[in-house]
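# Inside the fold
Take a look at the letters that make up each chain.
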Amino acid sequence: HFTNRLYVKDQVSSTQSIAKAFLSHHLVTAPTVFIADHQTAGYGRQGRSFYSPAATGLYFSMILPSPTDRPLQAGLMTTTFAVLIVGVLKQFFPAQDFQYKWVNDVYLDYKKVGGILTEAVVDLESRTTASLVVGIGLNITTKKFPLALKEKATGIAPADRNLLVSRLIEEIANNYSDYDNPQYLKKYRQASMILGQKVEVLVNGEVIAGTAKKIENDGALTISLADGKTKTFNSGEVVKVNF
Ligand code: BTN
């Protein structure tokens, strides 16, 4: 594997929007990466903004084309990306106990240190995923957060950001086409922050409370409800844990 191109900028609106715009004008056949030191309009899931101050975090987006013989399945990719990312983070920060919050967040001590946003670009003819654009945001030494995030987010610890981002890119580019290897879900389940905990899941504007029971083989989350029934989510977001 090799990376086709790497674009590094000081400040952008969002590496994710830039990657998607690039994809609509170029045929991309190898992983292509956009990195910025600072984003003015970084975004995450559910239309939320992603706080991206200069010099303290890592913000990058990778265009990952589907292998020619096997279209990517977007649903399973986010858990795989999370495991690949945490695998690299553990090498840089061996003392830290990273956890996954379903589906796309990386946590340390119940505070968010990173988010992953996976967006699929579909080929209209075959209706399969032509490419993914995966956006990764990590708070490395970020300490000061806006009021609304103060209790919820934190940084990890000082690190060489250049070295870290190059290792992350390498790890993802080399392994993403093996996304459905069961070892990824196994690791994801082992370090899940929510399994066995009381959770609230936000889906289509509705909040549903229960106990997180299982991460299914397709990455979906199953919770048990107060009445003993279970409910499985293919999308949505855990908004509260252990409350
Ligand atoms: C989330 O928390 O829901 C996902 C956050 C993803 C943030 C990254 S930072 C790089 C890339 N550019 C963006 O605008 N978003 C992603």
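Residues numbered from 1 in each chain as written. Predicted model: local features only at pLDDT ≥ 70, side-chain atom pairs only at ≥ 80, totals over all residues. Heavy atoms only, no water.

## Overview of the pairing of strand β11 (residues 230-233)
Heads up, the rule is: At least two bridges found by DSSP between two strands is the condition for calling them paired. A run of H or I in DSSP counts as a helix once it spans at least four residues, and a run of E counts as a strand once it spans at least two, with each numbered from the N terminus.
Pairing of strand β10 (residues 221-224) with β11 involves four bridges; the strand directions are antiparallel. Note that in β11 the partner of L221 across the bridge is F233. Following β10, the chain reverses through five residues before pairing antiparallel with β11; G228 in that reversal takes a positive phi of roughly 90°.

## Comments concerning the sheet that holds strand β5 (residues 105-108)
For clarity, the cut-off: For helices, the axis comes from a line fit to the C-alpha atoms of the stretch in contact; other axes are also lines fit to C-alpha atoms, and the angle between any two N-to-C directions lies between 0 and 180 degrees.
Spatial strand order, β1-β2-β3-β7-β6-β5-β4: seven strands in an open sheet with mixed pairing. Where the open sheet ends on each side, the last strands, each with one partner, are β1 (5-12) and β4 (98-101). Across the sheet, the mean angle from the axis of one strand to that of its neighbour is 20°, orientation sign disregarded. One ladder, built from 10 bridges, connects strand β6 (residues 111-123) with strand β7 (residues 128-139); its direction is antiparallel. Paired with L117 across the strands is G135, a residue of β7.

## Notes on the pairing of strand β2 (residues 32-39)
So the rule is basically this: Accessible area is worked out with a 1.4 Å probe on protein chains only. A residue is then buried under 20% of its type maximum, exposed over 50%, and partly exposed in between. Seen with its strands pointing away from the viewer, a crossover is right-handed if its path from the first strand over the helix to the second goes clockwise.
Most of β2 sits out of view: six of its eight residues are buried. In this sheet, β2 lies alongside β1 in parallel orientation, the contact comprising seven bridges. Within β2, the position partnered with V8 by the bridge is I35. Read from β1 through helix α1 (residues 15-25) to β2, the crossover connection turns out right-handed. Note: β2 against strand β3 (residues 57-65), five bridges, orientation antiparallel. Residue pairing in the sheet places F34 in a bridge with S61 of β3.

## A few points about the domain arrangement of the chain
Put simply, an interface is often sized by how much accessible area is lost when its parts join up. How we decide: For the domains described, the bounds stem from an automatic or database domain assignment. For this analysis, residues touch if any pair of their heavy atoms sits within 4.5 Å. What gets called buried area is simply the loss in accessible area from a 1.4 Å probe that two parts show on being joined, summed for both. By convention in these notes, a salt bridge is any Lys or Arg side-chain nitrogen within 4 Å of a carboxyl oxygen on Asp or Glu. The term polar contact refers here to a pair of N or O atoms within 3.5 Å; inside protein, the definition further demands a hydrogen-donor-capable atom paired with an acceptor-capable atom, and it admits residues adjacent in sequence only when both atoms are side-chain atoms.
By the assigned domains, the chain splits into domain 1 (5-190) and domain 2 (198-241). Taking only C-alpha atoms, the centre of domain 1 and the centre of domain 2 are 23 Å apart. Every contact between the two is made by 12 residues of domain 1 and, on the other side, 15 residues of domain 2. Counting each side, the surface lost to burial between domain 1 and domain 2 is near 1200 Å², with a carbon and sulfur contribution of 53%. A per-residue breakdown of the area domain 1 buries against domain 2 is headed by K101, W102 and R189, which together make up 54% of the total. Summed over the shared surface of domain 1 and domain 2, the result is two salt bridges. In this structure, the salt-bridge partner of R48 is E237, at a minimum N-O distance of 3.2 Å. Summed over the shared surface of domain 1 and domain 2, the result is seven residue pairs in polar contact (both at pLDDT 80 or more). Listing elements by their share of the side of domain 1 that touches domain 2, those giving two or more residues are α2 (74-92) and α4 (182-190).

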